[in-house]
Amino acid sequence: MSSATAAPRAGPGLADGPRTTAGVIAEGNLDAHLAGLRARAAREGLTADGWVDLVELTALRGHVRGRIDEAEGAATLAEAFAARAPRDPRALLARAGRAAHFHRFAAALDDLDRAAALGLDRRTVDEERAAVCQALGRYDEALALCRYALSRRRDFRTLGAMARCRAESAESAETGGAADEAESWFLAARRSYRGVSPFPPAVLEFQCGRMWLERGRPARARDWLESAVARLPSYVPAQGHLAETDAAEGRTAAAVDRLRRLALASDDPAYAAGLARHLDAGENSAEVRFWRAHAAARYEELTAHHPEAYVDHAAQFWLTVGDDPRRALVLARENLALRATPRAHALLDHAVRRVGARRR
């Protein structure tokens, strides 16, 4: 690896992060800005740049609030933008990002190719293409794109892209050193941030916390996740991962308390499923049944409307609190056909073992 793309030295830790606007103020500003954009769109007075902001900010708010319906709304807006401006590369880029969010990767790559042909700058195209390659498990391609971007410019965007790439590829590594290297990139990206909005650094911190949680290091995950929540107290995915951290560290009551709030606020069934899993079935059997049924019904909806994005989550549900390994096995096979990642292979192996154990 050239010196331009060598892993940066880890900094002193999370205490030296950037100072950002208070989360409650930032979220209020986001709501107001989106309301203005929607009003102008309704009056047919929105420019192409306004459409870009409307799509991206709707998607951002949906992510922060854990609202799948807002993510769907962003996808609908991106389709409307592309219909209005079919030869504007920004419209194709917006639609590609929403397609990738719902794991429709072939459609996303097609739009990126068309956007590049229409003159979209290579940096932007490569950044989006690298994210799709990561999701598909094509880590060598993603890494090459990230290295090239870093050789041209070293800033929050390129460092963050490399951090996410190394975090994804760390799943297939046998040692914890790969995750340590990924964290060094996350730290470098965090140090490079020059803005005041809390959203970009909070999302970055959440991503690093998720990596450590998936690597079985809840204490290390907690540092990053708590930093994200300090910036954005209502950041639903970060709060959800903190609930997983609580549970992993034996603080089940704290996990249940967080998950109750999230299950009521979010339309993502992951929180209802987690709540059912961590509740005491003996003392709260009616509540367990309620949240299990709620999650099952929602996963049925999501796998019908967005199968590429939710077959893996649904399979995890049926393997655990849903208690239907055969259904999980079907979904795990579908998931592996969509993306041959280490996570997809592990999910299928788990389902095969559960079905075998159930038969015995």
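As shown above, the structure is provided for reference.
So, here is what we can say about the structure in this document. (Residues numbered from 1 in each chain as written. Predicted model: local features only at pLDDT ≥ 70, side-chain atom pairs only at ≥ 80, totals over all residues. Heavy atoms only, no water.)

Here's the deal with the pattern of salt bridges
Right, so step 1: Here the structure, examined in full by the defined rule, presents 40 salt bridges.
Right, so step 2: D126 is the partner of R122 in a salt bridge, and the nearest nitrogen-oxygen pair spans 2.9 Å. Note that R122 and D126 are positioned in helix α6 (residues 122–135) at a spacing of 4 residues, about one turn of the helix.
Right, so step 3: Residue classification places D126 among the buried residues on the basis of a relative accessible area of 8%.
Right, so step 4: Each of the salt bridges in this network shares a partner with another, and the network as a whole consists of R222, E226, D246, E249, R251 and R258. (Salt bridge = Lys/Arg side-chain N within 4 Å of Asp/Glu carboxyl O. Helix = DSSP H or I, 4+ residues; strand = E, 2+ residues; numbered from the N terminus. Buried < 20%, exposed > 50% of the residue type's maximum accessible area, 1.4 Å probe, protein only.)

With respect to helix α5 (residues 105–117)
Right, so step 1: The end-to-end C-alpha separation of α5 is 18 Å, in line with the 18 Å expected for 13 residues at 1.5 Å each.
Right, so step 2: The secondary structure elements touched by the buried residues of α5 are α4 (89–101) and α6.
Right, so step 3: One or two steps after α5, the chain reaches G119, where phi turns positive at roughly 105°. (Expected span 1.5 Å × (residues − 1). Contact = heavy atoms within 4.5 Å.)

Considerations on unusual backbone geometry
Right, so step 1: With phi around 65°, H103 is a residue other than glycine that occupies positive phi space.
Right, so step 2: Secondary-structure assignment places H103 in the loop between α4 and α5.
Right, so step 3: Given the relative accessible area of 22%, H103 is considered partly exposed.
Right, so step 4: Of note in this structure, D323 is not a glycine but carries a positive phi near 55°.
Right, so step 5: Note on placement: D323 falls in the loop between α16 (307–319) and α17 (325–338).
Right, so step 6: For D323, a relative accessible area of 44% puts it in the partly exposed group.

Structural notes on the state of the cysteines
As used in these notes, a disulfide is a covalent bond between sulfur atoms, one from each of two cysteines.
Right, so step 1: If you walk through the whole model with that rule in mind, you get 0 disulfides.
Right, so step 2: Unpaired in terms of disulfides, C133 finds its nearest cysteine sulfur in C165, a separation of 9.1 Å.
Right, so step 3: Under the relative-accessibility criterion, C133 is labelled buried at 1%.
Right, so step 4: Here C165 stays free of any disulfide, with the sulfur of C146 as its closest cysteine sulfur at 4.4 Å. (Disulfide = S-S within 2.5 Å.)

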